[in-house]
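# Structure at a glance
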Amino acid sequence: MVSEQTIIQIRNLTKKIGRKKLVDSLTFDIKKGEVFGFLGPNGAGKTTTIRMIVGLMSITKGEVIIEGKSIAHEFEQAIQHVGAIVENPEMYKFLTGYQNLVHFANMVPGGIKKERIKEVIKLVGLESRIHDKVKTYSLGMRQRLGVAQALLHKPSVLILDEPTNGLDPSGIRELRDYLRSLAQNEGVSVIVSSHLLSEMELMCDRIAIIQNGKLIDVKRITELVQNNEEEITVMFTVAQSQIAIEQVKKYMADAHISMTETGFQITIERERIPDIITLLADNCVRIYEVKHITKTLEDKFLEMTEGEKIV
Amino acid sequence: MSSLIRLVRNENMKMYRRISSWILIAVLILLTIGVGLLLRYDSSSDNNEQWRNGLASKSKEIQEVLQKEQNIPQFQRTQMEKEMKIYQYRLDHNFGPSVWNGVKATSSLMSFVTLSAVVIAGGIVASEYNWGTIKLLLIRPQNRTKILLSKYIATMGYALLMIIILLSVSFITNGLLFGFQEMGQPYLYVAQNGTVQEGNMLVNILQTYGLSSVEMIMVVTFAFMMSVVFRSSALAIGLSLFIMFISQPLIQFLSKFSWVKYYLFANTNLSVYLEGTPLIPGMTLTFSLIVLAGYFLGFTFISWFVFKKRDVAA
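What you see is a predicted model; the values in this text were computed from it and never measured. By convention here, each chain's residues receive numbers from 1 onward along its written sequence. Here chains are named by letter from A upward and ligands by number from 1 upward, in the order in which they appear as written. In view of the model being predicted, local features appear only for residues whose pLDDT reaches at least 70, and side-chain atom pairs are presented and counted only at 80 or more, with totals across whole chains, interfaces and linings using the full set of residues.

The way it works is that DSSP assigns letters per residue, a run of H or I at least four long becomes a helix, a run of E at least two long becomes a strand, and they are numbered from the N terminus. Secondary structure summary: chain A contains 11 helices and 14 strands in total. Here chain A has a C-alpha radius of gyration of 25 Å; the compact-globule value for 311 residues is 19 Å, and the former is much larger. Taking the principal axes of the C-alpha coordinates as reference, chain A spans close to 80 × 50 × 35 Å. Exposure in this text rests on C-beta crowding, where 20 or more other C-beta atoms within 10 Å of a residue's own make it buried, 12 or fewer make it exposed, and counts in between make it partly exposed. The C-beta atoms are placed from the backbone. In chain A, which comprises 311 residues, the proportion classed as buried is 37%. Here the analysis covers contacts within chain A between residues at least 6 apart in sequence; of these, 70% occur between residues at least 24 apart. For the radius of gyration, the atom set is restricted to C-alpha positions; the globular benchmark scales as 2.2 Å times the number of residues to the power 0.38. By definition, residues are in contact whenever their C-beta atoms, placed on the basis of the backbone, come within 7 Å of each other.

Here it is, written out as structure tokens:
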């Protein structure tokens, strides 16, 4: 479960190449056992941020602290808590899946026991194909092998950059369920990046929205999708929309009302909805459907990034 | 220390699991056998049963040339006279063709060993970038210096393996072709006082191979650096072989300038200091060793610095 223990602290993280600031003063924490999402359009700086967190890119300014160790100054101590796939899970294609795992196990100080390798293979469900060459694997299998290499040394943070790229819907679902269970059952923090909102919504506890290298906001998913506002938007499907709108306008002049193809849409306090229904019924308007429209995460996101397109 | 050994083991696994590494070794074996056969069955050579006739007629030829041609340079003249003395010594002491003639001849295949090691060195860093595996390699609790060092050690290990294969295949092939019974023959050379002396054959063979390893190490280290800097194995291999093959004509062309002595390949042939005249007057063994060390440190420093500092993007 999500606790308040911080695993990664990111302070003022900045990457400058030439005069261009690819990442600009990002500051946020990632807690133990949470699934944390980086959301932003392509080119927003998600991958650059991840590359700085795992030490593939140097940090221009600021700090990344993993389990109390700085990635820039105590790289080996910091990175040993991290398992990652950066972009596609590119493995040695001419080796078997098992040889790939042995290769990465050899790079862990103190080594990794054969039992652990077997355990991880079982975890990702690759037992039947693990001794085949990776070049014969499907993308989904490579992705699973990628997850296996990232989990070998029991990291406390798992970082996946665009993990669902190129996966089919069932593969995405499988990965998502798996990541959730890792976070919940093993207390592993998971960081994923994506430009797809729908995915983030299903996977993450919290998301950081990044645009043009800047942090726009960090929010809980529940906060984002919940509607706390006083007024709600309701869609009415009715037979005679003209008459209906006239009647409603007569009694509720302050309401935002607009006609739709099958009726009308109104934004109003929740308490007044029964009144509208009674009013329409009294005026013999045939009502087929009354639907509460929640603002989608996408609407929220567009609001926050001021209408800039995602994807 | 043990972690470095495991990193080297990883590199070896990646190297020897690929067929290309074995193809190069197979070609080396075939070439070694080929050179031995050529030596043994070439009727014009002095390595068959008629070796006495061969040596005698060669001696005669040299004598005729020395008498007829007046404008042979002095150093060439002494070289020829030395050769004649050695032929005579062999005839006097009944030193026929032996396994060692073959082993010495195959030292020319050191250039193939160099070529193979350049192919490996050119790919060992660049391929990780091409495959995208560099991203997985560099997010392990190992520092980049160690990872790079393990790759260099693995490359040199491959070169060493090839030299061992060359020597042993050459010894066996030539032993079978010429017989092992003449193995005790000494190495013959002409001393300062003009007399033929007997030296240790094994020492001489190792010296020959050792000296040609100097050029190999320098070219391979250069290819390794190119592999790190350009991240393209084709460019690294191409450029290294190009500078290796253009060197000799280039040095000849530039030999009138004294600064050519600072050029890498003007210093790689250390055998000139043991048996002959240096390329440029005034060059000494110490001078060449210092120049070689300078280049070596330069190549390894650039490789290390670039690999250590570079952002892994794309």
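Having seen it, we continue.
With 96% of its residues at a pLDDT of at least 70, chain B reaches an overall mean of 90. Our summary of model confidence lists the complex with pTM equal to 0.85 and ipTM equal to 0.86. Per residue, pLDDT measures the predictor's confidence, with a range of 0 to 100.

Let us now look at the interface of chain B and chain A. In this assembly, 23 residues from chain B lie in contact with 27 residues from chain A. Of all the secondary structure elements, the ones that give two or more residues to the side of chain B that touches chain A are α1 (2–16) and α8 (134–137) of chain B. Top contributing element to the side of chain B that touches chain A by residue count: α1 of chain B, with seven residues. Throughout this entry, Asp, Glu, Lys and Arg are counted as charged residues, while Ala, Val, Leu, Ile, Met, Phe, Trp, Tyr, Cys and Pro are counted as nonpolar. The remaining residues, Gly among them, count as polar. In terms of residue class, the side of chain B that touches chain A is made up of nine nonpolar, six polar and eight charged.

What follows covers the domain arrangement of chain A. Per the domain assignment, the segments making up chain A are domain 1 (6–225) and domain 2 (231–293). Each domain's extent is set by a domain assignment, obtained either automatically or from a database. Here the C-alpha centre of domain 2 of chain A lies 48 Å away from the C-alpha centre of domain 1 of chain A.

Turning next to the sheet that holds strand β7 (residues 157–161) of chain A. All names here are of chain A. Two strands are counted as paired when DSSP detects at least two bridges linking them. Overall, mixed pairing links the six strands, which are arranged β6-β7-β8-β3-β9-β10 in an open sheet. Only two strands of the sheet have a single neighbouring strand rather than two, namely β6 (82–85) and β10 (214–220). Averaged over neighbouring strand pairs, the angle between their axes works out to 15° when direction is ignored. Note: strand β3 (residues 35–39) against strand β8 (residues 189–194), five bridges, orientation parallel. The residue of β8 that forms the bridge with Leu39 is Ser194. Angular values range over 0 to 180 degrees, each being the angle between N-to-C directions of two axes fitted as lines to C-alpha atoms, with helices fitted over their stretch in contact. The sheet strands contacting helix α6 (residues 169–186) are β3, β7 and β8, and the helix crosses β8 at an angle near 150°.

So, on to the pairing of strand β4 (residues 61–66) of chain A. Residues and elements named next belong to chain A. Sheet analysis places strand β1 (residues 6–17) next to β4, joined by five bridges and oriented antiparallel. Residue Thr14 lies in a different strand from β4, and its bridge partner there is Lys61. Strand direction decides the pairing type here: β4 and strand β5 (residues 69–70), joined by two bridges, are antiparallel. Across the sheet, the residue bridging to Ile66 is Lys69, located in β5. Hairpin connection from β4 to β5: two residues lie between these consecutive antiparallel strands, with Glu67 at a positive phi of about 50°.

Here we come to the UniProt feature "transmembrane region" (unreviewed entry) in chain B. Per the UniProt annotation, the sites labelled "transmembrane region" (unreviewed entry) are residues 21–41, 109–131, 152–180, 209–230, 237–259 and 279–307 of chain B. For residues 279–307 of chain B, the helix share is 79%, the strand share is 0%, and the end-to-end C-alpha distance is 36 Å. UniProt positions are given in the numbering used here, feature names are shortened, and annotations may be inferred rather than shown by experiment.

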